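# Chain and residue survey
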Amino acid sequence: MELYGTQTVNEKGHLVIGGVDAVDIAHVYGTPVVVYDTKLFRKRAADFRQSFEKNGMKAQVAYASKAFSSIAIYELAAEEGLSLDVVSGGELFTAVKADFPRERIHFHGNNKSYMELNYAFDENIGCIVVDNFLELSMVKEIALTRKQNMNILLRVTPGIEAHTHEFITTGQEDSKFGFDLKNGQADEAFELAHDVPYLQLLGLHCHIGSQIFEADAFNHAAETLMEKMQVWKESHSFICTVLNLGGGFGIRYTEEDEPLEPSQYVEEMGKVVFDLAKRWNYPLPEIWIEPGRSLVGDAGTTLYTAGSEKEVPGVRTYVAVDGGMSDNIRPALYDAKYTAAIANKMLSPRDTTITIAGKCCESGDKLIVDAVVASVSEGDLVAIFCTGAYTYSMAGNYNRLPRPAVIFAEDGDHQLVIRRETYEDITRLDLSLHQKVRKESK
Ligand SMILES: Cc1ncc(COP(=O)(O)O)c(C=O)c1O
Ligand SMILES: N[C@@H](CCCC[NH3+])C(=O)O
């Protein structure tokens, strides 16, 4: 079976992450707990950055923090020289709490509110990625009223169908995101945006989807956007200085997944941009990318404790763990596949097939169907790998289950970065009918 990043197995037959025994982690923090191998995060960040540097290309690698947003991961991203993609006032607030360098924050979202946009101006962030006409008019008004400069990119949908799960493609024409590149919307947005006092239109953005394996899809996107940039150069002598090609670089959840190295995606798309710029005598734009999953996905492992077991004779054996769809909605939502191991029995033969179920009141709450693992008993530690992206950040309180704790492990040290939710936390917004509450003024 595949281990990820710094993971090893020690002489006790325990899984070790970041130099820390998973069994010790469970003793100290309880379960479920999400453990990040921060060295793997650092390595991925460096791989992305260096792939550009080595080819002499100016770039920004922005961590798409919807994959996992917390103060500590933002601090780590800043340390590793990354920029930051936020998609809401809440993520921006988290970035401010982490004191993330404002000039490296990029603000996304298909329905940013007036309040959120003002917040971005208050913090004087690096760039707003404008998604639609309403937002463009709001950004203009705010910039003019405040007499404050703001960099913007226009997000476009290039009409590219990436081969991934239907729910996580975003670059196709039938999408809620961005200005359509082919039906004139992008041109109209350009006319409205390229010559506005206080607004600096840096260039274009697209994001074609997530968990993509083929470099061709990114190359095609780069080419399509460069063509549009060339059209505006000819028609308006306008030069885009930034080309943002989004995220979406796939990772290996199971052996069926065959991603490329981050550097391969980046080098190929960089070459497309470089060659076209040369052919058209176009000043080489800075390339920005926004990896999320490929920075944190396989760096995260969730540890659960095995509980009840139910055999359905001739069909399957269910083993329930102390979390489930409340901390990882992806199997239920996307039919996402994961692999698992019994973290305290890593040297035992993997001779048992079980379905790992959660504890939520929902038949579909299965984390892995037919996982092949070592023989498992109540109290064993179940590790599910590659849970670093879109799990904690999509977690909820269904059945009022508390969200897990999150820790970072590196070089034998471990640190709590999000404490486990308590029942008090879960009820903190509830009001009793017997409480005297002042009515909100109209
Ligand atoms: C605009 C944008 N950028 C970046 C990402 C990050 O994608 P991924 O986590 O697949 O790299 C997303 C999510 O798919 C996105 O919507
Ligand atoms: N949340 C999705 C991907 C969507 C990414 C955001 N645009 C996932 O878990 O795979």
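First, a word on what this report is: a plain description of the structure on this page. Everything numeric here is computed off the predicted structure, so don't read it as measured data. (Residues numbered from 1 in each chain as written. Chains lettered and ligands numbered in written order. Predicted model: local features only at pLDDT ≥ 70, side-chain atom pairs only at ≥ 80, totals over all residues. Heavy atoms only, no water.)

## Some thoughts on unusual backbone geometry
Here the amide bond leading from T31 into P32 is cis, since omega sits at -5°, within 30 degrees of zero. Structurally, P32 is set in the loop between α1 (22-29) and β4 (33-37). The phi torsion at Q211 lies on the positive side, around 55°, for a residue other than glycine. Along the chain, Q211 turns up in the loop between β11 (199-205) and α8 (215-236). Despite not being glycine, D411 shows a phi value in the positive range, around 50°. Assignment of secondary structure puts D411 in the loop between β20 (405-410) and β21 (413-418). Since its relative accessible area comes to 57%, D411 is described here as exposed. (Helix = DSSP H or I, 4+ residues; strand = E, 2+ residues; numbered from the N terminus. Buried < 20%, exposed > 50% of the residue type's maximum accessible area, 1.4 Å probe, protein only.)

## Side note on the nonpolar core
Ranked by internal contacts, the top residues of the largest apolar core, which has 89 residues, are Y63, F68, I128 and I152. The element contributing the most residues to this core is α8, with nine residues. (Core = buried A, V, L, I, M, F, W, Y, C linked by side-chain atoms within 4.5 Å.)

## Thoughts on the pairing of β21
Look at any regular strand and the pattern is simple: side chains alternate between the two faces of the sheet. Strand direction decides the pairing type here: β20 and β21, joined by five bridges, are antiparallel. In the sheet register, E410 faces β21, and the bridge partner there is D413. Between β20 and β21, which pair antiparallel one after the other, the connecting turn spans two residues, and D411 there sits at a positive phi close to 50°. (Pairing = 2+ DSSP bridges.)

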